[in-house]
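# Architecture at a glance
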Amino acid sequence: MKAIKFLLTGIFFGIVLTKSEAVSWYRIVEMFRFESLHMYGIIGSAVITGVILLQLSKRFGIQTTEGNPIALPEKAKLYKKALLGGSIFGLGWALAGACPGPMFILFGAGYYSISIVILAALLGTFIYGLVAHKLP
Amino acid sequence: MDYILSPWPWFVSGPLIATVMFLLVSFGKTFGMSSNLRTLCSLGGAGKISSFFDFDWREHQWNLWVVVGSILGGYIAVQFLSSTDSVGINPNTLAVLAEYGFEAPQNNLVPAELFSLEALQNPYNLALLISAGFMIGFGTRYAGGCTSGHAITGLSNLQLPSLVAVIGFFIGGLLMTHLFFPLFFKL
């Protein structure tokens, strides 16, 4: 079963984000009000650890479980889209207090009304797909 | 056991999130939660309407398993790995939220004032949640990623577009929290 390792990774992810309170609506408000180090500490230490892990794996030629060299796709250099889309997402993130990972985690944690946010996010993605070619 | 049951400090959580990213990369995949929204649209048949969703969703099935896992993870964390400690939010934040009509969180991760069944019977609250979700779904795809894809993976891989996207996340978040919250919630 190939799915198992992804399922287990997801379970681990859900536990970490819940226990760190990164899924807390209040933590997101606090972050955008610059009134706590907590979320900055989480994101900052995640990125620093991530940089180290990726650099080390490149240096030592660590392979994926499929036997390929570890390589991440370059992000498309679409700066205008990144800034505009990012700002739209930021508005939603701060209002719902959840991004696309936490909204599923919150559902599991028993906050079922988050499914309204999930359904609306699916609609938003769908509408983006319809109008993408017309956007700057 | 207390260490597990209490909320985890940021310096434990951050590296563990990076571990999730690295695990997925070592499986030959990437860490990106918002991609699942596109995959779910494709699974639902949106490919017949827009070429943006016209791909084989089975190739992204692995990521849907991450979603299923994260739902289970949220359940496990709340049911079995939590004490009744309340969230230690900065009192200044709580004071401002109180002005907006939000009570202290107690043990809750989201405010009842927006998310309880009672609150949802108010069309105004419902509209707020729907707009929030819509902006999340629309914005992440427009930006090409969310917190996991851009902020964690992209920045870890030193991608400039991801830095620009994260700056965008904060422009939006700061506007919402400082400009729109007083307009939306001021009593």
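Reading the values: the criteria
Residues numbered from 1 in each chain as written. Chains lettered and ligands numbered in written order. Predicted model: local features only at pLDDT ≥ 70, side-chain atom pairs only at ≥ 80, totals over all residues. Helix = DSSP H or I, 4+ residues; strand = E, 2+ residues; numbered from the N terminus. Contact = placed C-beta atoms within 7 Å. Buried ≥ 20, exposed ≤ 12 C-beta atoms within 10 Å, placed from the backbone. Nonpolar A, V, L, I, M, F, W, Y, C, P; charged D, E, K, R; others polar. pLDDT = per-residue confidence, 0-100. Axes fitted to C-alpha atoms, helices over the stretch in contact; angles between N-to-C directions. Parallel < 35°, antiparallel > 145°, perpendicular 65-115°, else oblique. Left-handed = near helix turned anticlockwise from the far one by under 90°. Expected span 1.5 Å × (residues − 1).

Within chain A one finds six helices and zero strands. Seen in sequence order, chain A has helices and strands lined up from the N terminus as α-α-α-α-α-α. Considering only C-alpha atoms, chain A reaches an extent of 45 × 40 × 40 Å along its principal axes. For chain A, the proportion of contacts with a sequence separation of at least 24, taken over those separated by at least 6, is 40%.

Further remarks concern the overall build of chain B. A count of helices and strands for chain B gives ten helices and zero strands. Mapped in sequence order, the helices and strands of chain B form the string α-α-α-α-α-α-α-α-α-α. Taken over the C-alpha atoms alone, chain B extends approximately 45 × 45 × 35 Å along its principal axes. Buried residues in chain B amount to 48% of all 187 residues.

Moving on: the interface of chain B and chain A. At the junction of the two partners, chain B supplies 104 residues and chain A supplies 101 residues. For the side of chain B that touches chain A, the secondary structure elements donating two or more residues are α2 (10-26), α3 (35-43), α4 (61-80), α5 (91-99), α7 (117-120), α8 (123-143), α9 (147-156) and α10 (160-185) of chain B. With 16 residues, α10 of chain B is the largest single contributor of residues to the side of chain B that touches chain A. Of the residues in the side of chain B that touches chain A, the class split is 70 nonpolar, 32 polar and two charged.

Residues and elements named next belong to chain B. Predicted confidence across chain B gives a mean pLDDT of 94, with 97% of residues reaching 70 or more. By mean pLDDT, the top-scoring element of chain B is α8 (98), and the lowest-scoring one is helix α1 (residues 2-5) (82). ipTM for the predicted complex: 0.96, alongside a pTM of 0.96.

Most of α3 of chain B is tucked away, with eight of its nine residues classed as buried. Turning to α3 of chain B, its buried residues are S35, N36, L37, R38, T39, L40, C41 and S42 of chain B. Considering only its buried residues, α3 of chain B is in contact with α5 (100-108) and α6 (114-131) of chain A together with α4 and α8 of chain B.

Where helix α3 (residues 38-59) of chain A meets α2 of chain B, the axes come as close as 7 Å, and the angle between the chain directions of the two elements is 45 degrees. Between α3 of chain A and α2 of chain B, the angle falls in the class oblique. Considering the relative orientation of α3 of chain A and α2 of chain B, their crossing is right-handed. Together, H38, G41, I42, I43, G44, S45, A46, T49, G50 and L53 of chain A of α3 of chain A and W10, F11, S13, G14, P15, I17, A18, M21 and F22 of chain B of α2 of chain B make up the contact between the two elements. Among the residues forming the contact of α3 of chain A with α2 of chain B, the class breakdown is eleven nonpolar, eight polar and no charged.

Another point: α6 of chain A. When the terminal C-alpha atoms of α6 of chain A are compared, their 26 Å separation across 18 residues agrees well with the 26 Å that a helix rising 1.5 Å per residue should span. For α6 of chain A, the full list of buried residues reads I114, I116, V117, I118, A120, A121, L122, G124, T125, F126, Y128 and G129 of chain A. Residues of α6 of chain A that are buried make contact with α4 (79-96) and α5 of chain A together with α3, α6 (112-115) and α8 of chain B.

Once that is clear, we can look at the packing of α6 of chain A against α8 of chain B. For the pair α6 of chain A and α8 of chain B, the least separation of the axes is 6 Å and the interaxial angle reads 40 degrees. With respect to α8 of chain B, the axis of α6 of chain A lies oblique. Crossing of α6 of chain A against α8 of chain B: the hand is right-handed. Taken together, the residues of α8 of chain B that come into contact with α6 of chain A (itself represented by I116, V117, I118, L119, A120, A121, L122, L123, G124, T125, I127 and Y128 of chain A) are L129, I130, A132, G133, F134, M135, I136, G137, F138, R141 and Y142 of chain B. Among the residues making up the contact of α6 of chain A with α8 of chain B, the classes are represented as 18 nonpolar, four polar and one charged.

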